[in-house]
Amino acid sequence: MTSHSSYIPPKIWQQTISGGAFANINRPVSGSTHEKELPLGKHPIQLYSQGTPNGIKVTIMLEELLALGYTGAEYDAWLIRIAEGDQFSSGFVEVNPNSKIPALLDHSGKTPLRVFESGSILLYLAEKFGALLPRDVATRTEALNWLFWQMGSAPFVGGGFGHFYVYAPEKFEYPINRYTMETKRQLDVLNRRLAENRYLAGEEYSIADIATWPWYGCLVQGTLYDAGEFLSVKDYPNVKRWADEIAARSAVIRGRKVNRTGNDGVAERHQASDLD
Ligand SMILES: N[C@@H](CCC(=O)N[C@@H](CS)C(=O)NCC(=O)O)C(=O)O
């Protein structure tokens, strides 16, 4: 293994410019950097997000609800450009004090209700519409087990593996090994679960699958970090079978386009026809 022993941590850490893809937005304090209100559209549900794996969990969920006929799930999706620091506007921080997308405001009640953290948003929407979360206690608990598993595990993939394999200013062997090991272990956890079950909670497609597919499904399909070969994703055939089935769903095809710039997406979504 290559040695990187030249760095000795100082007594007290001070912020330095460390380079890498997110160096210009990383900071050690929270709160807003500038005054700016969030835009407001015509639907009760207002989503402030970007089409990252955490962001598309919510747009896939909303498109699934619309596909099931829940017209109350119509939504405006506004683009928050995280590389440009939109998540630090005063308006965004009021909706999510943690300055991360996705964040949602529901205006259908007396006062607007804020919902942040993708897992909380999925659970909120599932309960609001009574859909995509099994009703019997055992299966519902299993769905929540996997939803919370995903929320705890995916940061090792995104903040760990993806960060060091793709975004860090140099390729450092130690963190790439550490997070590759953990990412492969997690893929193996899913592969074993999906060997016995069609979906994560069992026979029913649920918010557990919606939360997990944008990370692990896209990893095995090679669309996240272009790391399929590096991770030997062929070793996880059950995850691939599950990922392919979910990727073909019309709501997934629609939801993954939202809040993306470039040819394959729409920066903002305000009505169904924006995605047609
Ligand atoms: N646990 C959060 C994580 C959200 C998150 O990490 N969002 C990223 C994009 S995927 C973000 O907004 N990053 C901007 C930043 O770190 O400043 C969730 O699931 O909602």
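Definitions and cut-offs
- The numbers attached to residues start from 1 for each chain and follow its sequence in the written order.
- Since the coordinates come from a predicted model, pLDDT governs what is reported: local features require at least 70, and pairs of side-chain atoms require 80 or more to be given and counted, while whole-chain, interface and lining totals use all residues.
- Working from all heavy atoms in the structure, the side-chain values ignore hydrogens and water.
- The helix count covers DSSP runs of H or I at least four residues long, the strand count covers runs of E at least two residues long, and both are numbered beginning at the N terminus.
- What a helix is expected to span follows from its residue count: subtract one and scale by 1.5 Å.
- In this scheme, a residue with accessible area under 20% of its type's maximum is buried, one over 50% is exposed, and one in between is partly exposed, where area comes from a 1.4 Å probe on protein chains only.
- Here, two residues are considered to be in contact whenever any of their heavy atoms come within 4.5 Å of each other.
- Any residue with a non-hydrogen atom lying within 4 Å of a molecule or strand is treated as near it.
- Polar contact criterion, stated in full: a pair of N or O atoms within 3.5 Å, where within protein one must be able to donate a hydrogen and the other to accept it, and residues adjacent in sequence count only if both atoms are side-chain atoms.
- Note on areas: Shrake-Rupley with a 1.4 Å probe; residue coverage comes only from the protein chains shown.
- Note on residue classes: Ala, Val, Leu, Ile, Met, Phe, Trp, Tyr, Cys and Pro are nonpolar, Asp, Glu, Lys and Arg are charged, and everything else, Gly too, is polar.
- For two strands to pair, DSSP has to find at least two bridges joining them.
- Geometry is summarised by axes, namely lines fitted to C-alpha atoms with helices restricted to the contacting stretch, and by angles between N-to-C directions that run from 0 to 180 degrees.
- Only protein atoms enter the 1 Å grid used here, on which a cavity is any set of points holding a 1.4 Å probe that cannot leave and a pocket is any open set flanked by protein within 12 Å on both sides along at least five of seven lines; residues with an atom within 4 Å of a point are listed as lining.
- Grid points are joined across faces, edges and corners, and a volume is the space filled by probe spheres set on the points.
- A carboxyl oxygen of Asp or Glu within 4 Å of a side-chain nitrogen of Lys or Arg is what we treat as a salt bridge.

Undergrad: Help me understand helix α3 (residues 118-129) in this model?
TA: The periodicity of an α-helix, 3.6 residues per turn, causes residues three or four places apart in sequence to face the same way. Over its 12 residues, α3 runs 17 Å from end to end, which matches the ideal 16 Å to within 8%, given 1.5 Å per residue. Regarding α3, the residues found buried are S118, G119, I121, L122, L123, L125, A126 and F129. Structurally, α3 contributes buried residues whose contacts are with β1 (45-49), α1 (53-67), β3 (103-106), β4 (113-116), α4 (137-167) and α6 (207-220). Just beyond α3, the residue with positive phi is G130, at close to 65 degrees.

Undergrad: I would appreciate a short explanation of the site of the ligand in the present structure.
TA: Surrounding the ligand, one finds 13 residues, the nearest of these being Q87, K100, I101, E117 and S118. In this structure, an oxygen atom belonging to the ligand sits 2.6 Å away from a side-chain N or O atom of S118. Starting from 510 Å² of accessible surface for the ligand in isolation, the protein chains cover 79%. Residues belonging to the shell around the ligand are distributed by class as follows: 6 nonpolar, 5 polar and 2 charged.

Undergrad: Quick question: what am I supposed to make of the sheet that holds β4 here?
TA: In sheet architecture, strand pairing relies on hydrogen bonds along the backbone and comes in two forms, parallel and antiparallel. Read across the sheet, 4 strands follow the order β2-β1-β3-β4 without closing on themselves; strand pairing throughout is mixed. The sheet is open, and its two edges are formed by β2 (75-79) and β4, each paired on a single side. Strand-to-strand twist of the sheet, defined as the mean angle between neighbouring strand axes without regard to direction, takes the value 20 degrees. In this sheet, β3 lies alongside β1 in antiparallel orientation, the contact comprising 4 bridges. When the sheet's bridge partners are listed, I45 is paired in β3 with D106. The strands touched by α3 are β1, β3 and β4; relative to β4, the strand with the most contacts, the crossing angle is about 130 degrees.

Undergrad: For this particular structure, what's the right way to read the side chain of H43?
TA: As for its position among the elements, H43 is in the segment before β1. Judged by relative accessible area, which is 14%, H43 ranks as buried. Among the polar contacts made by the side chain of H43, one reaches the main-chain carbonyl oxygen of H270 at a distance of 2.8 Å. Excluding residues that lie within four positions of it along the chain, H43 makes contacts with E74, Y75, D76 and H270.

Undergrad: What should I look at first to understand the layout of surface pockets in this one?
TA: Rolled over the atoms, a probe with the dimensions of a water molecule shows which regions are left empty. Put simply, the second largest pocket is a space of about 560 Å³. In terms of lining residues, the second largest pocket is bounded by 15 residues, among which Y7, W13, T16, I17 and S18 are the most central. A class-by-class count of the residues in the lining of the second largest pocket yields 7 nonpolar, 7 polar and 1 charged.

Undergrad: Help me understand the environment of L147 in this model?
TA: In this fold, L147 is placed in helix α4. Linking L147 and E245, residues 98 residues apart in sequence, is a C-alpha distance of 19 Å. Once residues within four sequence positions are removed from consideration, L147 is found in contact with G119, L122, I207, A208 and A211.

Undergrad: Looking at this model, I keep getting lost on the pattern of salt bridges. Mind explaining?
TA: As a working rule, side chains carrying opposite charge can pair if their charged atoms are close by. Enumeration according to the criterion identifies 15 salt bridges in this entry. A salt bridge links R254 to D276, with the nearest nitrogen and oxygen atoms 2.8 Å apart. Of the two residues, R254 sits in helix α8 (residues 250-255) while D276 sits in the segment after α8, which places them 22 residues apart along the sequence. Of the residues examined, D276 reaches a relative accessible area of 72% and is grouped as exposed. Connected through salt bridges with shared partners, the residues E63, E74, R254, R269 and D276 form a single ionic network.

Undergrad: Explain the pairing of β4 here, please?
TA: Remark: a regular strand shows side chains that alternate across the two faces of the sheet. Here β3 pairs with β4 via 4 bridges, running antiparallel. Bridge pairing in β4 places L104 opposite V115. The turn joining β3 and β4, which pair antiparallel and follow one another in sequence, is formed by 6 residues.

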